[in-house]
Amino acid sequence: MSEQIGFKKGIGNAYSSMGFINFNNGFKTKFIMMGMNEAKDVAAKIELDCRKDFPDYSSVKKETTKLMSIISEAINEIKKV
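The rules we used
- Residues numbered from 1 in each chain as written.
- Predicted model: local features only at pLDDT ≥ 70, side-chain atom pairs only at ≥ 80, totals over all residues.
- Heavy atoms only, no water.
- Core = buried A, V, L, I, M, F, W, Y, C linked by side-chain atoms within 4.5 Å.
- Buried < 20%, exposed > 50% of the residue type's maximum accessible area, 1.4 Å probe, protein only.
- Helix = DSSP H or I, 4+ residues; strand = E, 2+ residues; numbered from the N terminus.
- Contact = heavy atoms within 4.5 Å.
- Salt bridge = Lys/Arg side-chain N within 4 Å of Asp/Glu carboxyl O.
- Expected span 1.5 Å × (residues − 1).
- Axes fitted to C-alpha atoms, helices over the stretch in contact; angles between N-to-C directions.
- Parallel < 35°, antiparallel > 145°, perpendicular 65-115°, else oblique.
- Left-handed = near helix turned anticlockwise from the far one by under 90°.
- Nonpolar A, V, L, I, M, F, W, Y, C, P; charged D, E, K, R; others polar.

Draft legend 1. Structural detail: the nonpolar core. Counting 13 residues, the largest nonpolar core has F31, M36, A39, I46, L67 and I71 as the members making the most contacts within it. Within the residue set of this core, elements represented by two or more residues are α2 (27–33), α3 (37–51) and α4 (57–80). When near neighbours in sequence (up to four residues on either side) are disregarded, M36 contacts F31, I70, I71 and A74.

Now the structure itself:
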């Protein structure tokens, strides 16, 4: 749970500065280890979109919202167990 909070905080900071969203801090690896391949793929797409010379921030926002939804859904599933 604390990792989700840290993740959300990092995304929020990147949004506020409209800066580069970097997932090299181990989140993609953790997504893979947890079997969250869709989350890993979405994170990779966000990261690549942010590296473009002229990022499409509406696309980044849409994909980030999707990623946060995937993560929230996974947390809810864990809580059920």
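Draft legend 2. Looking closely at the side chain of D49. Mapped onto the secondary structure, D49 falls in helix α3. Once you skip the residues sitting within four places of it in the chain, D49 turns out to touch P55, S59 and V60.

Draft legend 3. Up close: the pattern of salt bridges. Summed over the entire model, instances satisfying the criterion amount to 5 salt bridges. The partner of K40 in a salt bridge is D41, with the nearest N and O atoms 2.8 Å apart. Among the residues examined, D41 registers a relative accessible area of 43% and is labelled partly exposed. For K45, the salt bridge is made with D49, and the minimal N-O distance between the two is 3.0 Å. With K45 and D49 both in helix α3 and 4 residues apart, the pair spans about one turn of that helix. With a relative accessible area of 34%, K45 lands in the partly exposed category. Here D49 falls in the buried class, since its relative accessible area comes to 9%. Through salt bridges with shared partners, one network takes in K45, D49 and K52.

Draft legend 4. Representation of the environment of A44 within the structure. Position of A44 among the secondary structure elements: in helix α3. Classification of A44 as partly exposed rests on a relative accessible area of 25%. In this structure, the C-alpha to C-alpha distance between A44 and K28, residues 16 residues apart in sequence, is 7.6 Å.

Draft legend 5. Geometry of α4. Compared with an ideal rise of 1.5 Å per residue, which puts 24 residues at 34 Å, α4 spans 35 Å between its outermost C-alpha atoms and is within 8% of the ideal. Those residues of α4 that sit buried are S59, V60, E63, T64, L67, M68, I70, I71 and I75.

Draft legend 6. Just the packing of α3 against α4, in detail. For the pair α3 and α4, interaxial distance at closest approach is 9 Å and the crossing angle is 155°. Taken together, α3 and α4 sit at an angle that is classed as roughly antiparallel. The crossing of α3 and α4 is left-handed. Contact residues: E38, A39, V42, A43, K45, I46, D49 and C50 in α3; S59, V60, E63, T64, K66, L67 and I70 in α4. Taken together, the residues of the contact of α3 with α4 sort by class into 8 nonpolar, 2 polar and 5 charged.

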